[in-house]
Amino acid sequence: MTKWYRQNAPITASRLMDELMRVKRGSVTRRHFLGVTGLGLAAAVVGGRQPGVFGSPAYAQDLGSTMSLATWPNYHDPATFEAFTEKTGVAVEVNVFGSNEEMLAKLQAGGTGWDLFVPTNYTISTYAKLGLIDPLDLAKVPNFDPKTQNTRFTAEGTVDGTVYALPKNWGTTGIAFNADKIKSPITSWKDFFDVAMGEADGRAMVHDYQLTTIGNALVALGYSFNSIKPEELAKAEELLIKVKPHLYAINSDYQPSMRATDAWMTMCWTNDGAQLNRDMPEIHFVLGKDGGEIWSDFYAIPKSAANKPAGYALLNFLMDPAVAVKEHIANGAPTTDSRVLALLPPEITSNKIVYPDEASLTPLEFGAAVTLTDPARAELMARFKSA
């Protein structure tokens with residue numbers, strides 16, 4: 001569970017910089033930053049309105065002074081946005097979300113303020129059919145080259161022949177666990193739930209995200225990650241309700257708890273697994289031999305975006321291989337672009353957390369579009385969280 005600190009408590013300079021880095025890379029919200037630090041100036045610093053913080057406002061007349069990005073926790077290098085601001089004069093406000101269902105609800109409610117956001121592969125066809133995202137004008141993204149993309153991970157950005165989203169990276173959903181704390185073997189999602197109710201009692205986390213939390217419970221029982229069969233969902237609900245009293249938290253931003261060793265095991269995305277293992281080698285990352293998720297994340301422009309020119313400008317900036325390679329090194333998720341792959345250092349391309357072998361990927365499934373809007377899954381997740 002994310003720790004919340006007493007508002008207006010004394011804060012050290014090092015703590016201030018740590019919290020500033022968290023909000024800039026998208027690990028926490030600006031509201032959290034303001035509450036923790038008590039700094040009214042925070043919005044100006046993070047939003048780039050403070051003169052001299054983010055550089056000269058070149059091109060501001062064409063692109064405005066600010067734009068908004070909706071993305072995932074711990075998913076970007078803060079230096080990327082600082083470089084974009086220095087180049088364009090446009091400050092990037094980062095909004096963090098824990099699930100695609102939450103993103104969908106915000107888009108359907110309207111007025112998100114986002115100019116660019118990061119949806120997962122299985123959601124794009126729904127966004128397109130609901131008219132929530134724009135078809136992309138690729139003439140405005142000259143840094144993107146479809147010929148260098150691995151279509152295994154990028155095809156779902158195109159719906160009925162129209163490109164709606166461009167790839168950010170791909171990855172997997174696995175299990176991160178602290179091997180100094182947990183000695184039981186963990187090789188499957190069945191193991192995950194067994195250990196959560198045993199050796200890791202009170203120390204395990206699941207996502208606040210119905211796709212993965214329900215999907216991995218289904219896999220632990222021998223069912224498809226994408227199942228919407230009532231009898232199989234009922235069994236998954238039984239398992240989740242059974243494990244809930246043993247959990248430390250239901251939270252998609254699990255890095256702080258794992259780093260503090262308040263949590264010892266969590267459902268974990270590739271990039272987080274790579275970051276945690278890099279900084280704390282005792283935290284291991286494994287894929288379930290019984291199945292689980294393989295995914296791709298994309299960039300898309302909401303139809304309601306207020307500053308589409310800036311959205312396109314940031315999108316084009318992020319498609320530059322020289323920029324993207326720095327993102328991948330900091331972020332830890334694998335690239336879909338062969339130009340970027342060629343620039344990555346061997347210690348990353350040989351890292352089995354980031355680029356697992358084909359045998360490890362074979363049991364995994366891409367999320368299915370139906371899971372995003374299936375009412376039975378949504379109701380199951382609501383009952384689990386309120387139980």
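Just so it is clear, the model here is predicted, and its values are computed rather than measured.

Student: Sorry, what's going on with the overall build of the protein chain here?
Tutor: The number of helices and strands found in the protein chain is 20 helices and 12 strands. Residues counted as buried form 56% of the 387 residues belonging to the protein chain. In the protein chain, the share of contacts with a sequence separation of at least 24, taken over all contacts with a separation of at least 6, comes to 75%.

Student: I keep staring at the sheet that holds strand S3 (residues 116-117) and nothing clicks. Help me out?
Tutor: Think of a sheet as strands paired side by side through backbone hydrogen bonds, with each pair either parallel or antiparallel. A sheet is described by the order of its strands in space; here 3 strands give the open sequence S2-S1-S3, paired in parallel fashion. Each edge of the open sheet is held by one strand with a lone partner, namely strand S2 (91-96) and S3. Bridge count between strand S1 (residues 66-71) and S3: 2 bridges; the pairing is parallel. Note that in S3 the partner of Ala70 across the bridge is Phe117.

Student: Looking at this structure, I do not really get the environment of Trp72. What am I missing?
Tutor: Structurally, the position occupied by Trp72 is in the loop between S1 and helix H5 (78-88). Counting along the chain gives 181 residues from Trp72 to Asp253, while the straight-line C-alpha distance between them is 8.8 Å. Within the local environment of Trp72, its side chain forms a polar contact with the backbone oxygen of Val118, the two atoms lying 2.9 Å apart.

Student: What should I look at first to understand the confidence of the model for the protein chain in this one?
Tutor: Parts of the prediction with low pLDDT should not have their coordinates interpreted in detail. Summing up the model confidence of the protein chain, the mean pLDDT is 88 and the portion of residues at 70 or higher is 84%. Considering only residues more than four positions removed or in separate chains, one finds that residues 29-34, a stretch of pLDDT under 50, has 19 contacts. Between residues 36-61, whose pLDDT stays under 50, and residues either more than four places distant or in other chains, the model counts 50 contacts.

Student: Would you mind showing me how to read helix H9 (residues 189-196) here?
Tutor: The buried fraction of H9 amounts to 6 of the 8 residues, a majority that puts the element mostly inside the structure. Tucked into the core, H9 has its buried residues touching strand S6 (166-178), strand S7 (204-206), helix H10 (210-220), helix H11 (230-243) and strand S9 (265-269). Sitting at the head of H9, Ser188 places a side-chain oxygen 3.4 Å from the backbone nitrogen of Lys190.

Student: Could you clarify how one ought to interpret the pattern of salt bridges in this entry?
Tutor: Note on pairing: side chains with opposite charge can pair once their charged atoms come close. Per the counting criterion, the structure on display carries 10 salt bridges. Residues Asp134 and Lys303 are paired through a salt bridge, measuring 3.0 Å at the closest nitrogen-oxygen approach. You can see Asp134 sitting in the loop between helix H7 (124-129) and helix H8 (151-154) and its partner Lys303 sitting in the loop between strand S11 (293-299) and helix H14 (308-318), a full 169 residues away along the chain. Two residues, Asp337 and Arg339, come together in a salt bridge whose shortest N-O distance is 2.8 Å.

Student: How should I be thinking about the nonpolar core in this particular structure?
Tutor: Soluble globular proteins: nonpolar side chains tend toward being buried together. Judged by nonpolar contacts, the single largest core of 109 residues is most densely connected at Leu116, Phe117, Phe193, Met265 and Leu314. Once residues lying within four places of it in the same chain are set aside, the contact partners of Leu314 are Met67, Phe81, Phe84, Val92 and Leu116.

Student: Looking at this structure, I do not really get H11. What am I missing?
Tutor: Residue pairs spaced three or four apart in an α-helix point in one direction, given the helix's 3.6 residues per turn. End to end, H11 covers 20 Å across 14 residues, agreeing with the expected 20 Å (1.5 Å per residue, within 8%). Here H11 has its buried residues at Glu232, Leu233, Ala236, Glu237, Leu239, Leu240 and Val243. Down the axis of H11, the buried set is contained in an arc of 165°. They therefore lie on one face. Set apart from the buried face of H11 by more than 90 degrees, the exposed residues are Pro230, Glu238 and Lys242. Lining the buried residues of H11 we find H9, H10, strand S8 (247-250) and helix H20 (375-386).

Student: I'm lost on the side chain of Thr80 in this one. Help?
Tutor: With respect to the element layout, Thr80 can be found in helix H5. The buried category is assigned to Thr80, whose relative accessible area is 5%. When sequence neighbours within four positions are dropped, the list of residues in contact with Thr80 reads Phe317, Leu318, Val323 and Glu327.

Student: Explanation requested: the packing of helix H13 (residues 270-279) against helix H15 (residues 321-331) in the structure shown.
Tutor: Between H13 and H15, whose axes approach to 8 Å, the crossing angle comes to 65°. Judged by residue contacts, Asn271, Gln275 and Arg278 of H13 engage Ile329, Ala330 and Asn331 from H15. By residue class, the composition of the contact of H13 with H15 is 2 nonpolar, 3 polar and 1 charged.

Reading the values: the criteria
Residues numbered from 1 in each chain as written. Predicted model: local features only at pLDDT ≥ 70, side-chain atom pairs only at ≥ 80, totals over all residues. Heavy atoms only, no water. Helix = DSSP H or I, 4+ residues; strand = E, 2+ residues; numbered from the N terminus. Buried < 20%, exposed > 50% of the residue type's maximum accessible area, 1.4 Å probe, protein only. Contact = heavy atoms within 4.5 Å. Pairing = 2+ DSSP bridges. Polar contact = N/O pair within 3.5 Å; in protein donor to acceptor, adjacent residues only side chain to side chain. pLDDT = per-residue confidence, 0-100. Salt bridge = Lys/Arg side-chain N within 4 Å of Asp/Glu carboxyl O. Core = buried A, V, L, I, M, F, W, Y, C linked by side-chain atoms within 4.5 Å. Expected span 1.5 Å × (residues − 1). Arc of directions from axis to C-beta. Axes fitted to C-alpha atoms, helices over the stretch in contact; angles between N-to-C directions. Nonpolar A, V, L, I, M, F, W, Y, C, P; charged D, E, K, R; others polar.

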